[in-house]
Structures are given as C-alpha cells and as structure tokens.
Amino acid sequence: MTQYGWHNRAGRSRRFDLSYRAIEYAAANASRSGVNINFERHDLTQTFPSGEFDLIVASFLESPLEFDRAPLFRAAFGHLAPGGLLLITSHGKVPNWSKHVRPFLPASEVLASLGPLPQGWEVQFCDEVSRVMTGPEGQQDEVSDAVVALKRA
C-alpha cells in the first residue's frame with residue numbers, strides 16, 4: 001500500500017499485526033521493495049494504535065479462537081481521519097478442501113455486526129468478491145471474500 005501512496009500526512013506508513021512472525025515477514029518485504037514502514041505489534045483486543053489514519057485495512061481477522069471482531073472495527077471509527085476509508089475483508093466461502101468448520105459471514109452480515117454507523121459515515125462497497133483458488137493438490141474451487149468499505153465524511 002505504501003508504494004501506491006497510502007501513508008500518513010507526514011509521509012510515513014504504519015502497519016500493525018499481532019504476530020511477530022508476520023511483522024518480520026512484512027518488514028523483509030518492505031525492505032526489499034525499498035519502502036519505509038514502521039511496524040508495530042498490537043493485540044487489538046487490548047490496545048489500538050494511537051493516531052489518526054487515512055486508511056485502515058482489517059484483513060482476514062478470522063481465528064480459531066472465539067472473539068468478537070465488531071468492537072475492533074468500531075474502535076477503528078474513532079481513529080479514521082475525515083475522508084478516510086475503513087476496508088474490511090474476510091473469508092466468505094472457503095474452498096471444498098478447507099478444514100475450516102465454522103461458517104464465515106457474508107459482507108452484509110459483517111456490516112450489520114457493526115451496528116448503526118456513526119453519523120457522516122457511508123458504505124462505499126459491501127459485497128462478495130469471488131475468485132478461483134488452487135489447492136495443495138492442484139484442485140480448484142471457487143471461493144469468495146466478504147468486502148466492506150466504509151468512508152468517513
């Protein structure tokens with residue numbers, strides 16, 4: 001995202017993850033790509049990064065552990081700058097070889113789980129995006145991702 005111009009007004013980009021391993025992997029990719037990104041570890045059930053952001057992306061926050069994602073998304077409302085975008089992506093339909101047993105929410109239910117949107121927020125996109133995925137044994141199946149994009153006025 002940084003190489004496409006998504007950074008804060010000071011020209012910096014911040015990325016957050018719970019996993020040290022994910023941060024190390026992302027930092028190595030950023031270094032190879034020549035982009036300057038500040039990586040921070042956050043357990044978003046405990047802390048939310050300080051500051052105001054033009055773009056908050058919450059991608060695939062599914063977990064085998066039970067936790068309510070909606071409070072995390074609602075917390076993001078308070079950290080998005082005017083004109084900013086909150087993009088939520090999550091698994092919709094998983095491939096037939098997947099071992100995931102719990103159902104994933106469609107985009108409309110992800111949006112509904114947020115409750116009423118704060119005044120001045122609008123839905124930019126709320127739908128499933130389908131694609132064909134190739135499995136570990138070469139098998140193919142159509143999967144979908146739930147995508148919700150909300151803009152703060």
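This section reports on the structure supplied with the text. (Residues numbered from 1 in each chain as written. Predicted model: local features only at pLDDT ≥ 70, side-chain atom pairs only at ≥ 80, totals over all residues. Heavy atoms only, no water.)

**Examining the environment of Arg14**
For clarity, the threshold we go by: Under the scheme used here, helices are H or I runs from DSSP no shorter than 4 residues and strands are E runs no shorter than 2 residues, and both carry numbers assigned from the N terminus. Relative accessible area decides the class of each residue, using a 1.4 Å probe on protein chains only: under 20% of the type maximum gives buried, over 50% gives exposed, and in between gives partly exposed. Whether two residues are in contact is decided by their heavy atoms: any pair within 4.5 Å suffices.
Within the secondary structure, Arg14 is located in strand S1 (residues 13-17). You can call Arg14 partly exposed: its relative accessible area is 24%. Those residues in contact with Arg14, other than ones at most four positions away along the chain, are Ile37, Asn38, Glu40, Pro49, Ser50 and Phe53.

**Notes on helix H2 (residues 70-77)**
Formally: The arc in question is traced by the directions running from the helix axis to the C-beta atoms.
For H2, every residue scored as buried is listed here: Ala70, Leu72, Phe73, Ala76 and Phe77. Angular distribution of buried residues about the axis of H2 spans 165 degrees; they occupy a single face of the element. Here the buried face of H2 lies against strand S3 (53-59), strand S4 (80-91), helix H3 (107-113), strand S5 (121-134) and strand S6 (140-152).

**As for the sheet that holds S5**
Applied cut-off: For two strands to count as paired, DSSP must find a minimum of two bridges between them. Axis angles are defined between N-to-C directions and span 0 to 180 degrees, where every axis is a line fitted to C-alpha atoms and, for a helix, only to the segment in contact.
A sheet is described by the order of its strands in space; here four strands give the open sequence S3-S4-S6-S5, paired in mixed fashion. A strand with exactly one partner marks an edge of an open sheet, and here the two such strands are S3 and S5. Between one strand axis and the next, the sheet turns through 15 degrees on average, direction left out of account. Judged from the seven bridges that link them, S4 and S6 form a sheet pairing that is antiparallel. The residue of S6 that forms the bridge with Leu85 is Lys151. Here H2 sits on the sheet in contact with S3, S4, S5 and S6, set at roughly 160 degrees to S4.

**Details of the pattern of salt bridges**
Applicable threshold: We define a salt bridge as a contact between a side-chain nitrogen of Lys or Arg and a carboxyl oxygen of Asp or Glu at a distance within 4 Å.
Throughout the structure, instances matching the rule amount to two salt bridges. As a salt-bridge pair, Lys93 and Asp141 come within 3.3 Å of each other at their nearest N and O atoms. Taken together, the residues span a long stretch of sequence, with Lys93 in the loop between S4 and H3 and Asp141 in strand S6 at a distance of 48 residues. Its relative accessible area of 41% is what places Lys93 among the partly exposed residues. Between Asp145 and Arg131 there is a salt bridge, with its nearest N and O atoms 3.1 Å apart. Taken as a pair, Asp145 in strand S6 and Arg131 in strand S5 lie far apart in primary sequence, 14 residues in all.

Any functional reading would require information beyond the geometric quantities listed.
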